[in-house]
Amino acid sequence: MRAPLWLVALLLLAGCAAPTVGDYAANRPLLDPGRFFLGHTKAWGMYQDRQGRLLKRFTVDMDGERHGDELVLTERFLYSDGNRQQRVWRLKSIGQGRWRGLADDVEGEAIGETAGNALRWRYTLKLPVEGEEYLVQFDDWMFLQDERSLLNRAVMSKFGFRLGEVTLFFHKPELGS
């Protein structure tokens, strides 16, 4: 007996479903962004275009401080070409593993969701390019490896087309710092 065409199409689409943060709920250690990013954190990263060519390398020094129910995370970027940039995030847990983030160069608010060792952020960044500003969507996945190490992979897109990928490694010099 042959399966109807609609059933075959449905099964193919289901096989293409993207992961959800809930897929990582059983993974350990548990990622609590409010704890991990509190204090000093160091990161090393790179940006690759859609063909995988390395275009930029950078380091980030971060300091997270509690201000009431918000975590204020100051990121200081140093790029391989000598350029510097700073971003200040205001992060707030809104319950049930969900987070909200605001920054001056983010359009609207970033929406985050955690489960297990994973955090997924989605936001639109105002990206300066040669004197102009472009709105670029980020689908940002973070995975806690151990209490002091976190991996991050972010896909950048515009109008649904993949522009490139940002990869970062975060490290806590000391727990609680």
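Above this text sits the structure in question.
Residues numbered from 1 in each chain as written. Predicted model: local features only at pLDDT ≥ 70, side-chain atom pairs only at ≥ 80, totals over all residues. Heavy atoms only, no water.

Novice: Quick question: what am I supposed to make of the environment of tyrosine 123 here?
Specialist: Within the secondary structure layout, tyrosine 123 lies in strand E7 (residues 118-129). In this structure tyrosine 123 comes out as buried when scored by relative accessible area, which is 11%. Sequence spacing of tyrosine 123 and methionine 156 is 33 residues, and the spatial spacing of their C-alpha atoms is 10.0 Å. Apart from the residues within four sequence positions on either side, tyrosine 123 is in contact with Trp89, Val106, Ala110, Val136, Gln137, Phe138 and Asp140. Here the side chain of tyrosine 123 touches aspartate 140 through a polar contact of 3.1 Å, side chain to side chain. (Helix = DSSP H or I, 4+ residues; strand = E, 2+ residues; numbered from the N terminus. Buried < 20%, exposed > 50% of the residue type's maximum accessible area, 1.4 Å probe, protein only. Contact = heavy atoms within 4.5 Å. Polar contact = N/O pair within 3.5 Å; in protein donor to acceptor, adjacent residues only side chain to side chain.)

Novice: Explain the nonpolar core here, please?
Specialist: Nonpolar side chains in soluble globular proteins tend to end up buried together. One finds Phe37 and Phe170 to be the most contacted residues of the largest nonpolar core, which totals 32 residues. Excluding residues that lie within four positions of it along the chain, phenylalanine 37 makes contacts with Met62, Gly64, Leu71, Leu73, Met142, Leu150, Phe170 and Lys172. (Core = buried A, V, L, I, M, F, W, Y, C linked by side-chain atoms within 4.5 Å.)

Novice: What am I meant to see in the pairing of strand E9 (residues 149-158) here?
Specialist: It is a general feature of regular strands that their side chains alternate between the two faces of the sheet. A large share of E9 lies buried, amounting to 7 of its 10 residues. Both strand E8 (residues 132-146) and E9 contribute to a ladder of 9 bridges, which runs antiparallel. By the bridge assignment, leucine 144 is partnered in E9 with leucine 150. In terms of strand pairing, E9 meets strand E10 (residues 161-171) through 10 bridges, oriented antiparallel. Bridging across to E10, leucine 151 finds its partner in phenylalanine 169. (Pairing = 2+ DSSP bridges.)

By themselves, these are just geometric observations and shouldn't be taken as functional.
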